2 protein chains.
Amino acid sequence: MERFAIRGNICYSENQKSIRTIEHGYVICEDGKSIGIFEELPEQWKGISCRDYGDRLIIPGLVDLHVHAPQYSFRGLGMDLERIDWLNTHTFPEEEKYQDSGYAKKAYTIFTEDLLRSATTRACVFGTCHKDATLWLMEQMEKAGLAGYVGKVNMDRNSSQGLCEKSAEVSAEDTEAWILASEKFSNVRPILTPRFIPTCSDELMERLSKLQKRYGLPAQSHLSENLSEIEWVRELQPKASCYGDAYRIHGLFGGDCPTIMAHCVYSSEEEIRMMKEQGVFVAHCPESNANLSSGIAPAKRYLEMGIKMGLGTDVAAGSSLSMFRAMAMAIQCSKLRWRLTDQSIKPLTVTEAFYLATKGGGEFFGAVGSLEAGYEFDAVVIDDSKIRSAREVSVRDRLERLIYLDQDAEIEAKYVKGKQITDNRQRKTVGDNNGKYVSGENSAVSE
Amino acid sequence: MERFAIRGNICYSENQKSIRTIEHGYVICEDGKSIGIFEELPEQWKGISCRDYGDRLIIPGLVDLHVHAPQYSFRGLGMDLERIDWLNTHTFPEEEKYQDSGYAKKAYTIFTEDLLRSATTRACVFGTCHKDATLWLMEQMEKAGLAGYVGKVNMDRNSSQGLCEKSAEVSAEDTEAWILASEKFSNVRPILTPRFIPTCSDELMERLSKLQKRYGLPAQSHLSENLSEIEWVRELQPKASCYGDAYRIHGLFGGDCPTIMAHCVYSSEEEIRMMKEQGVFVAHCPESNANLSSGIAPAKRYLEMGIKMGLGTDVAAGSSLSMFRAMAMAIQCSKLRWRLTDQSIKPLTVTEAFYLATKGGGEFFGAVGSLEAGYEFDAVVIDDSKIRSAREVSVRDRLERLIYLDQDAEIEAKYVKGKQITDNRQRKTVGDNNGKYVSGENSAVSE
């Protein structure tokens, strides 16, 4: 049994309406899970190894519910183009390159290293339709100590020639081979990833549905991102009562199949009801929705209705892997939506955005997104000392400020399931932290 | 006569529709001004001292047309509050502290150091109503080598007790004393700064108008930021035909008085016409307008109408001093405005946003905002090598990517009027760069 503590200024989301902060508090980890947050180290645990992070902030690892790893190569580029031009000029030609394993390895190494450096500990990742490249990505993430779901993308129609899979059968066979090959990973798990209804034939969706039942896998896709796409889905799948129903009729829309749907900017009342009934998670991607001129999803309404939801960076329609930026954009866009579209839906607060980036998205993984007892021990230690101010700033305010100003902060250390995966004080990644803690509750880390 | 060159990947805005890039090109500086951009060093200047920045990007210094220095202490905080609560909870209590010179010095040192570290070379800055603190801010900026306008704020009504100046007469006397005391500065110049119509009596505006004529000063203020404010101004100044006219009738709205008006989110057709006729500069502050739920200014329309315009960070209603973030937000918000409000006004492009942050705002200072011949030599050298990609990225694309991802880039050096004011390779600020250049056109900087 491995047990240790970390100490610092702890901030976590109790619920959508409350952030709790504990100055110089302790979180104790036992076998990869938190056994609690304490103001003082309880008597029974005095003497366990403890790393004291001094005045640093300690927050739960952030959860990115929607990110496209192969698109990372062109983040921040081409966004003056409209969506279809953007897909044809950047996305599809880039994703085609991942049949070349050399290119895939180079690109996914950069993606993984940068994800490791971010405050994200868990992510739900789209790969490409290429089995080998996707396995390689999973291997890199696993080795780095990151956790998450990664999907080999399925697309057998309406795709560029270089990406379109030969047939539904081939797509499903490749998918099954990939699922079996990914059994060797423990923290990075496979997730079924039909790109979206327009690129997946009914036959392919049926085959994926069978794989879903056979292997008990979750699923991720895109939903109601913009109006022309919704119209297109209506034409492609006239049997479906709404876009979401086009997934549901194949059993890939929540219920027994845990599902994440990115965007949901224009979900109809019926679709919203269906998402709630089926427990579908919304991946709210505000920066992407601005960059591609899609619009602004009614995130506050989803929250208030009790729809499950987290945030996604949606790189490369979103420019940055920063989940802090995703939080800031979620708040800012909700204010613009309130002002420009619908004053019946209030803006998101900092407290709600932080909830979404931690517990909200974390729930997709089970007990993830908090440092409270019973949660998996995903923690990020942040040095915000470069964000200077002439006045005293409380821990709560330092967290709030960080959401807007993360570019001036440094990730000092990161833990996933109790294992320390980065240690930037030493400017390197550590594979195993056994014996590296400073012992005793009051020991300070040397500066 | 001082003459030298810098070499690198040069990017500048030719006009609103064109960015020019020159790989490994030269800019030559003579007595603080550019004498041109060259692909090869011309024969006549072979042998002048030249610092070769290798593969770095070299761009014109960025121009922040609207920023509140005293609010920097609470940037990124309190933005869940609505505007009036935000002013009363954060802004006014913070600004009151600047009557304490100790606090002002501490806070303005942080502001100046962080501005120095940013890509901004020129700024139009609001201080507080306190003369001494404002002079101290100017002195700090001057010493740091930054250029810009700084204003002692005027407010003699509708202000918190601690900030409201005793009378129009006292406000004007203090302002004149401040103007005279600021004569000692050369790069940091005074600008008349009535906070906005609601806080300035007619008598105060008349007195400022006289000072404007006596000293030939420019002016800056706020205009049509939100609808309730516009209504308030209508009540306060019934003689004015629009909010802008309430400045114009006192001679503080362009024409002989170069003027910057921040926001202009809800300017009426008449006001827009008046801004154009009077040559008023709009400081477009997209992040602030989102954070305070104000709305989105029709920036593209202003550009197309030939209205003079630049970008402002508007710290602390904007969270960050980063002008790159201001560019990204200008583009993103213009897309949301197009989608949600008015599809007759197209989104801003990267090219237009870069124009606004350089030449657009720079024009307020004269020949500023470019590296072309005749412009003042304000240049920023940027190391973007941490923004990695598996694919080749052109210089033009590196500039575009930087706008979205500046948090991953480093400002390596900064020049204002030909003087090098930062040199981050050496991690320090230099007061004078004479003799520091590496000589000869082909000499590389050691890594």
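What counts and how
Residues numbered from 1 in each chain as written. Chains lettered and ligands numbered in written order. Predicted model: local features only at pLDDT ≥ 70, side-chain atom pairs only at ≥ 80, totals over all residues. Heavy atoms only, no water. Pairing = 2+ DSSP bridges. Helix = DSSP H or I, 4+ residues; strand = E, 2+ residues; numbered from the N terminus. Axes fitted to C-alpha atoms, helices over the stretch in contact; angles between N-to-C directions. Contact = heavy atoms within 4.5 Å. Buried < 20%, exposed > 50% of the residue type's maximum accessible area, 1.4 Å probe, protein only. Right-handed = clockwise from strand over helix to strand, strands pointing away. Polar contact = N/O pair within 3.5 Å; in protein donor to acceptor, adjacent residues only side chain to side chain. Salt bridge = Lys/Arg side-chain N within 4 Å of Asp/Glu carboxyl O. Core = buried A, V, L, I, M, F, W, Y, C linked by side-chain atoms within 4.5 Å. Buried area = accessible area lost by both parts, 1.4 Å probe. Least-squares fit on C-alpha atoms with pLDDT ≥ 70 in both. Phe/Tyr/Trp six-rings, centres within 6.5 Å; stacked < 30°, edge-to-face > 60°. Expected span 1.5 Å × (residues − 1). 1 Å grid on protein atoms, 1.4 Å probe; cavity = no way out; pocket = protein on both sides within 12 Å on 5 of 7 lines; lining within 4 Å. Points joined across faces, edges and corners; volume = space filled by probe spheres on them. Nonpolar A, V, L, I, M, F, W, Y, C, P; charged D, E, K, R; others polar. Domains from an automatic or database assignment. Disulfide = S-S within 2.5 Å. Parallel < 35°, antiparallel > 145°, perpendicular 65-115°, else oblique. Left-handed = near helix turned anticlockwise from the far one by under 90°.

## What about the sheet that holds strand β6 (residues 120-126) of chain B?
All names here are of chain B.
Part 1 of the reasoning: The four strands are arranged β5-β6-β7-β9 in an open sheet whose pairing can be described as parallel. Every interior strand has two partners, whereas the edge strands, β5 (62-68) and β9 (188-190), have only one. With strand direction ignored, the average angle separating the axes of adjacent strands in the sheet is 20°.
Part 2 of the reasoning: The pairing of β5 with β6 spans five bridges and is parallel. Bridging across to β6, His68 finds its partner in Phe126.

## Description of the sheet that holds strand β2 (residues 18-30) of chain A
Residues and elements named next belong to chain A.
Part 1 of the reasoning: What the seven strands build is an open sheet, ordered β3-β2-β1-β4-β15-β16-β17; its pairing is mixed. A single partner strand is all that each edge strand has here, and the edge strands are β3 (33-38) and β17 (419-423). Adjacent strand axes in the sheet meet at a mean angle of 35° when their direction is disregarded.
Part 2 of the reasoning: Looking at chain direction, strand β1 (residues 3-15) and β2 are connected through 11 bridges and run antiparallel. From the neighbouring strand, Gly8 faces β2, where its bridge partner is Gly25.
Part 3 of the reasoning: Helix α13 (residues 395-405) rests against β1, β2, β4 (50-60) and β15 (379-383) of the sheet, and its axis sits at about 55° to β4.

## A few points about the pairing of strand β7 (residues 147-151) of chain B
All names here are of chain B.
Part 1 of the reasoning: Judged by how many residues are buried, β7 sits mostly within the fold: five of five residues are covered.
Part 2 of the reasoning: Residues Ala147, Tyr149 and Gly151 line one face of β7 and the alternating positions Gly148 and Val150 line the opposite face, and both faces are buried.
Part 3 of the reasoning: Read from β6 through helix α3 (residues 131-144) to β7, the crossover connection turns out right-handed.
Part 4 of the reasoning: Sheet topology places β7 next to β9; three bridges connect them, and they run parallel.

## A closer look at the side chain of Lys300(A)
Residue and element names in this part refer to chain A.
Part 1 of the reasoning: If you trace the backbone, Lys300 turns up in helix α10 (residues 299-305).
Part 2 of the reasoning: Judged by relative accessible area, which is 7%, Lys300 ranks as buried.
Part 3 of the reasoning: A polar side-chain atom of Lys300 sits 2.8 Å from a polar atom in the side chain of Glu352.
Part 4 of the reasoning: Beyond its immediate sequence surroundings of up to four residues, Lys300 is in contact with Lys17, Ile345, Lys346, Pro347, Leu348, Thr349 and Glu352.

## Some details on the pattern of salt bridges
If charged atoms from side chains of opposite charge come close, those side chains can pair.
Part 1 of the reasoning: Applying the stated criterion across every chain, the model contains 66 salt bridges over all chains.
Part 2 of the reasoning: For Asp384(A), the salt bridge is made with Arg398(A), and the minimal N-O distance between the two is 2.9 Å. Highlighted residues: Asp384(A) in the loop between β15 and α13 and Arg398(A) in helix α13, separated in sequence by 14 residues.
Part 3 of the reasoning: Taking the relative accessible area as the measure of exposure, Asp384(A) reaches 5% and is therefore buried.
Part 4 of the reasoning: Accessibility expressed as a relative area gives 8% for Arg398(A), which makes it buried.
Part 5 of the reasoning: Look at the salt bridges and you will find they share partners, linking Arg75(A), Glu113(A), Asp114(A), Arg117(A) and Arg388(B) into a network.

## Describing the nonpolar core
Part 1 of the reasoning: Judged by nonpolar contacts, the single largest core of 228 residues is most densely connected at Phe111(A) and Phe111(B).
Part 2 of the reasoning: Ignoring sequence-local partners within four residues, the contact set of Phe111(B) consists of Val67(B), Ala69(B), Tyr72(B), Val125(B), Leu137(B), Met141(B) and Leu321(B).

## With respect to the interface of chain A and chain B
Part 1 of the reasoning: Contacts between the two partners involve 57 residues from chain A, matched on the other side by 57 residues from chain B.
Part 2 of the reasoning: With both chains or domains summed, chain A and chain B bury close to 5000 Å², and 49% of this area falls on carbon and sulfur atoms.
Part 3 of the reasoning: Its largest share of buried area at the contact with chain B, chain A owes to Arg388(A), Ala390(A) and Arg391(A), together 15% of the area lost on that side.
Part 4 of the reasoning: Across the salt bridge formed by Arg391(A) and Glu94(B), the nearest N and O atoms sit 3.3 Å from each other.
Part 5 of the reasoning: Across the chain A-chain B interface, the total number found is 36 residue pairs in polar contact (both at pLDDT 80 or more).
Part 6 of the reasoning: Only α1 (83-96), α2 (101-117), α9 (286-291), α11 (323-340), α12 (350-362) and α13 of chain A provide two or more residues apiece to the side of chain A that touches chain B.
Part 7 of the reasoning: Ranked by the residues each element gives to the side of chain A that touches chain B, the list is headed by α11(A), at 10 residues.

## Overview of the relation of the copies chain A and chain B
Part 1 of the reasoning: Of the two same-sequence chains, chain A is brought onto chain B (RMSD 0.0 Å, axial shift 0.0 Å) by a rotation of 180°. On this basis, the relationship between the two copies can be described by a two-fold rotation axis. Measuring from the rotation axis to each C-alpha of chain A, the shortest distance belongs to Gln407(A), at 2.5 Å.

## Quick word on the packing of aromatic side chains
Residue and element names in this part refer to chain A.
Part 1 of the reasoning: Tallied over the full model, the rule gives 28 aromatic pairs over all chains.
Part 2 of the reasoning: Taking 6.3 Å as the distance between ring centres and 10° as the angle between the ring planes, the aromatic pair formed by Tyr247 and Phe253 counts as stacked.
Part 3 of the reasoning: Tyr247 gets classed as buried once you look at its relative accessible area, which sits at 1%.
Part 4 of the reasoning: Judged by its relative accessible area of 0%, Phe253 is buried.
Part 5 of the reasoning: The rings of Tyr149, Phe281, Phe364 and Phe365 are connected pair by pair, giving a single aromatic cluster.

## A short note on α11(A)
Residues and elements named next belong to chain A.
Part 1 of the reasoning: Here α11 spans 25 Å end to end across 18 residues, near enough to the 26 Å set by a 1.5 Å rise per residue.
Part 2 of the reasoning: Of all 18 residues in α11, 16 are buried, a share of seventy percent or more.
Part 3 of the reasoning: The N-capping residue of α11, defined by a side-chain oxygen 3.2 Å from the backbone nitrogen of Phe324, is Ser322.

## Points about unusual backbone geometry
Residue and element names in this part refer to chain A.
Part 1 of the reasoning: Cis peptide bonds are those with omega within 30 degrees of zero, and the linkage from Val315 to Ala316 qualifies with 10°.
Part 2 of the reasoning: At Asp314, a position not held by glycine, the phi torsion is positive, near 50°.
Part 3 of the reasoning: Take Asp314: it is sitting in the loop between β14 (309-311) and α11.
Part 4 of the reasoning: Of the residues examined, Asp314 reaches a relative accessible area of 3% and is grouped as buried.

## Points about empty space enclosed by the protein
Part 1 of the reasoning: Within the structure shown, the criterion is met by five cavities of 30 Å³ or more.
Part 2 of the reasoning: Put simply, the largest cavity is a space of about 70 Å³.
Part 3 of the reasoning: Those elements that provide at least two residues to the lining of the largest cavity are α11 of chain A together with α11 (323-340) of chain B.
Part 4 of the reasoning: Estimated volume of the second largest cavity: approximately 50 Å³.
Part 5 of the reasoning: Glu287(A), Gly312(A), Thr313(A), Ser320(A), Ser322(A), Arg325(A), Ala326(A) and Met329(A) together form the lining of the second largest cavity.
Part 6 of the reasoning: When residues in the lining of the second largest cavity are grouped by element, the largest group, three residues, is from α11(A).
Part 7 of the reasoning: Each residue belonging to the lining of the second largest cavity can be placed in one class, and the counts come to two nonpolar, four polar and two charged.

## Some details on the domain arrangement of chain A
Residues and elements named next belong to chain A.
Part 1 of the reasoning: Domain annotation of chain A identifies domain 1 (3-60 + 370-430) and domain 2 (62-365).
Part 2 of the reasoning: Just the C-alpha atoms count here: the centres of domain 1 and domain 2 sit 29 Å apart.
Part 3 of the reasoning: Counting from both sides, the interface comprises 33 residues of domain 1 and, opposite them, 32 residues of domain 2.
Part 4 of the reasoning: In total, about 2600 Å² of surface goes out of reach between domain 1 and domain 2, with carbon and sulfur atoms giving 61% of it.
Part 5 of the reasoning: Together, Gln16, Ile403 and Tyr404 form the three largest contributors to the area buried by domain 1 at its contact with domain 2, with a combined 26%.

## Brief notes about the side chain of Ser322(A)
All names here are of chain A.
Part 1 of the reasoning: For Ser322, the position within the fold is in the loop between β14 and α11.
Part 2 of the reasoning: Of the polar contacts made by the side chain of Ser322, one reaches the backbone nitrogen of Arg325; its length is 3.0 Å.
Part 3 of the reasoning: Of note is the side chain of Ser322, whose polar atom sits 2.8 Å from the side chain of Asp406.
Part 4 of the reasoning: When near neighbours in sequence (up to four residues on either side) are disregarded, Ser322 contacts Thr313 and Asp406.

## With respect to the state of the cysteines
Part 1 of the reasoning: The tally for this structure, following the rule as stated, stands at zero disulfides over all chains.
Part 2 of the reasoning: Note on Cys333(A): no disulfide assigned, nearest cysteine sulfur contributed by Cys333(B) at a separation of 7.1 Å.

## Structural notes on the packing of α11(A) against α12(A)
All names here are of chain A.
Part 1 of the reasoning: Relative to each other, α11 and α12 sit at 135°, their axes nearing to 9 Å. Considered as vectors, α11 and α12 are oriented oblique to each other. The element α11 and its partner α12 pack so that their crossing is right-handed. Together, Met323, Met327 and Ile331 of α11 and Val350, Ala353, Phe354 and Ala357 of α12 make up the contact between the two elements.
Part 2 of the reasoning: The residue makeup of the contact of α11 with α12, split by class, is seven nonpolar, no polar and no charged.

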